[in-house]
Amino acid sequence: MSAEQVGIDLRLLGPVRAWRDGTELVLGSARRTAVLCVLALHTGQSVSRDQLVSAVWGEEPPPSATGNIYTYVSTLRQMLEPARSRWTAGRLFSSGGGTYRLHLSPDSVDVLRFESLRETARRQRSAGHTDAELATVAAALRLWRGEALAGVPGPFAEGQRQRLAELRLATAERYAELLTVRGRHEQAAQLLRELTTAHPHREDLRARLAAAPPEARVPAAGHGPPIRTDAALLLGRDAVLHRLRRAVTEVATGRGGSILLEGPAGIGKTALLTAALRTAPDGCRIGWAVGDEVARDVPLGTLRDCVESALAAGPDHPTVEALVAASVPPNRPDADQALVAASVPDQPDGADQPDDAHRADHAGTDRTDQADADAAARAVELVRRTTAEAPLILVIDDLHWADPTTLRAWATLGGQASELPLLLVAAVRSGTRRTAEPSAEIVTLGPLDPGSADALVRAVAPQPPGPQELARILDEADGHPEYLRQLATNGTDPFPAAGLAATVRAHLAPYPEDTRQVLRAVAFLSAYEVRTPGTQPAGCTTAEVAAATDHHLDDLDRMLAPVRAAGILASGDRLRFRHRVVVRTLCESTPAALRVTLCRLYAERLAAAGTAPERVVALMLAGEVPVDDYYGGWLAEHVERVAETAPRIAVAALAQAHAQHALDPARRLTLTAWLARLLLREDRNAAAEAGWVAARTADPELAGEMRWIAAHSHERRGDFETAAEIAHAALRERRIGPQWIDRLRALLGRIRPSLPGNPTEPHLSRSGLVGEARPTVS
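Residues numbered from 1 in each chain as written. Predicted model: local features only at pLDDT ≥ 70, side-chain atom pairs only at ≥ 80, totals over all residues. Heavy atoms only, no water.

A. Looking closely at the overall build of the protein. A tally of helices and strands in the protein yields 35 helices and 13 strands. The burial tally for the protein puts 50% of its 778 residues in the buried class. Counting contacts in the protein only where the partners sit at least 6 residues apart, residues at least 24 apart contribute 69% of the total. (Helix = DSSP H or I, 4+ residues; strand = E, 2+ residues; numbered from the N terminus. Buried < 20%, exposed > 50% of the residue type's maximum accessible area, 1.4 Å probe, protein only. Contact = heavy atoms within 4.5 Å.)

Shown next, in the form of structure tokens:
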């Protein structure tokens, strides 16, 4: 039996993870994982025990190192080949002469696939097949999920990390070259910017970025419009784009106005603004600025940047210094006592009078408000004078981050824009519309329709995605253009790509830390349903989040109100992320150790609060929390309820418990018996699990039940000979309960016509097959 037949999937290009027949394996300690990595990267080769010791501990191993290697290898062998008996030869794992050998197909290890794809790309390059090479290189980069062998100790792992990091960088550089050759300059420049940020000392990367076309190098912030956007990102936005272009054209005729573009982060606001401004008639001045948290504390800072970028391109205009001066209140003498008194409300006789400090603070606030109002008024006048010279288009992206004085001036200008050759266009995130002036025309951007989302994915994907991959991308992103682009470019497996993780972090960055922590808890509580749809209701309840995070319900409502308004959480009774990709990214980009710790803590709190057991188990599965004796004991107490209400969740948890070799043997036996029952109930093959229990239990009733489950599993699959052998052995051993004797005899009666040989003279004798006498139970 080869690794491919068994279905081993070992991923080392990121945190190390392994699957067998679609079930993820619990790898255990870091050093055991290190041993697995050494053997996997030497698949088909013999590795001595001494080599393993050096690879894991280096030149100064502890005295127990050799014994530990033996234990690690024994555990790994049982994990990879659980059905193999102790004294039979292994198909995946073999040993002899103090050496160990892992027999894996190259397709079973992502590092080997990565190296194979690089070799394929090299041959395609030599043959001049650029498009094929581009697709191959993109496929190679999609295998990465972070730093190779992340967290694995030992000199071997460290050496492999450095080697693979260099190969990854070289592959990414080649990908940027191929994108440039194919005219996809923006993608190439974006990749080079990411590489330059990650490797600031690599001068060759800076040189390549400097050599990119100018329109691809301009950052998407600061003065002037951002980089040119691929037409694919405008798919499905024809109506909005037409409205913006009409406004841009009309301002040249003296007809101005104010437009507010509203939508969640990454929905495509900037791309639309950039495309619309390309149609501005000659003679129009265009100013562009981006609000940010830093400029928020500078009066008129955002508006000054916007107007400055418009004025800098033309002669004979009001000086920028005039606008700067407008943001500074003129010097004036301190207000006299009469002004201070006038700023304080009259108090009735005998009432407590505010002290001098309070009066001074109150007066200072009034002076500041008046100064801001004066500065905004002067800025408005300067903008009006500028429109007398040429039509003016002012664009502020992320207006919600602009300083209060800018917002005041912007509101005033918006009320006057229709009388001037002045077009104001602002973009804000959903839920921040309060920053807009009342007369603005509101244009709301929602998710793309399915047809447009499909077209976007096909347009930006390095190679056409298959039907299942396409469906998964569309489901994960739910019409969000940036998530669609990231998933189409980098794929959904492995997950998440670095660019996607960075995008999600950026979208959540504006919210306070406590809000982000609550969102991560919502993601953990939602993750198992996202990973295995249909196992439970989508999302979670506010009460569950309150119990898990130990927050009061009122505090949760306060923290989550902004993200609800921004559309990050969907509307409804349950807390649910609008885009499933955010759930997966928050979970899988959390370091494994932290994820395990948090999910275990949240699960314990949920259990203490009386939350439904299946919800607790789903959270433990989402966090990949190992099944220790405490969790195993809790699971044994609640397995019947979980099996009844959520059998798929129960099967996953019980399979994880069965694979946990350090679990108390009696508890592991009980949980594995439940696993066999559920697998049979779910019409799945339970023979291996039932046989494992039957071989270890001393309980005649349990032994009989497990023998019957094993035989019945083979009967269902049409393997009648094996079913007969199991039943025959159970009846001959005479250590099973009476009811199971009857059921095994009935099974033999059913399958007898299907056994080989003459029906009247079967291959097995009737007495040998069904027993001449009823065996007694010892």
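B. Highlighting the packing of aromatic side chains. Under the definition given, this model contains 4 aromatic pairs. Summarising the aromatic geometry, the rings of Phe 524 and Tyr 602 are spaced 6.4 Å apart at their centres and angled 45° between planes, so their arrangement reads as tilted. Of this pair, Phe 524 sits in helix α22 (residues 513-531) while Tyr 602 sits in helix α26 (residues 592-608); the two residues are 78 residues apart in sequence, bridging distant segments of the chain. Of the two residues, Phe 524 and Tyr 602, both sit in the buried class. A cation over an aromatic ring shows up here: Arg 677 above the ring of Trp 674, its NZ or CZ 5.1 Å from the ring centre. (Phe/Tyr/Trp six-rings, centres within 6.5 Å; stacked < 30°, edge-to-face > 60°. Lys NZ or Arg CZ within 6 Å of the ring centre and 35° of its normal.)

C. Examining the environment of Val 518 more closely. With respect to the helices, strands and loops of the structure, Val 518 is situated in helix α22. A relative accessible area of 1% places Val 518 in the buried class. Along the primary structure Val 518 and Ala 546 are separated by 28 residues, whereas in three dimensions their C-alpha atoms are 9.1 Å apart. With sequence-adjacent residues up to four places away left out, Val 518 is seen in contact with Val 545, His 551, Leu 556, Met 559 and Leu 560.

D. Looking closely at the packing of helix α23 (residues 542-549) against helix α24 (residues 553-565). Running from N to C, α23 and α24 point in directions that differ by 115°, and their axes come no closer than 10 Å. The orientation of α23 relative to α24 falls into the category roughly perpendicular. For α23 against α24, the interelement crossing comes out right-handed. For the pair formed by α23 and α24, the contact residues are Thr 542, Ala 543, Val 545, Ala 546 and Thr 549 on the first element and Leu 553, Leu 556, Asp 557 and Arg 564 on the second. Here the contact of α23 with α24 is built from residues that sort into 5 nonpolar, 2 polar and 2 charged. (Axes fitted to C-alpha atoms, helices over the stretch in contact; angles between N-to-C directions. Parallel < 35°, antiparallel > 145°, perpendicular 65-115°, else oblique. Left-handed = near helix turned anticlockwise from the far one by under 90°. Nonpolar A, V, L, I, M, F, W, Y, C, P; charged D, E, K, R; others polar.)

E. The arrangement of the side chain of Asp 110 in detail. Relative to the helices and strands, Asp 110 resides in helix α5 (residues 110-126). Side-chain polar atoms of Asp 110 contact the backbone nitrogen of Leu 12, separated by 2.7 Å. With near-sequence residues (within four places) excluded, Asp 110 lies in contact with Leu 10, Arg 11, Leu 12, Leu 13, Leu 143 and Arg 145. (Polar contact = N/O pair within 3.5 Å; in protein donor to acceptor, adjacent residues only side chain to side chain.)

F. Structural view of the confidence of the model for the protein. When pLDDT is averaged across the protein, the result is 82; 82% of the residues are at 70 or more. In the model of the protein, helix α15 (residues 337-342) stands out as the element of lowest mean pLDDT, 28, in contrast to α23, which has the highest, 95. Note on residues 1-5: pLDDT under 50 across the span, and 13 contacts to partners over four residues away in sequence or across chains. Predicted confidence for residues 314-354 stays below pLDDT 50, and this span has 49 contacts to residues more than four positions away or in other chains. (pLDDT = per-residue confidence, 0-100.)

G. Fine view of the pattern of salt bridges. Counted under the stated rule, the structure contains 33 salt bridges. The salt bridge partner of Arg 750 is Glu 715, with a shortest N-O separation of 2.9 Å. Of the two residues, Arg 750 sits in helix α34 (residues 738-751) while Glu 715 sits in helix α32 (residues 700-716), which places them 35 residues apart along the sequence. Put simply, Arg 17, Glu 24, Arg 472, Glu 476, Arg 584, Glu 588, Arg 595 and Glu 624 are held in one network by salt bridges that share partners. (Salt bridge = Lys/Arg side-chain N within 4 Å of Asp/Glu carboxyl O.)

H. Representation of the sheet that holds strand β3 (residues 23-24). On the basis of which strands lie adjacent, the open sheet formed by 3 strands has the order β1-β2-β3 and antiparallel pairing. Whereas interior strands pair on both sides, the edge strands pair on one side only; in this sheet they are β1 (8-11) and β3. As paired strands, β1 and strand β2 (residues 17-20) are joined by 4 bridges and run antiparallel to one another. Counted as the bridge partner of Asp 9 is Trp 19 from β2. (Pairing = 2+ DSSP bridges.)

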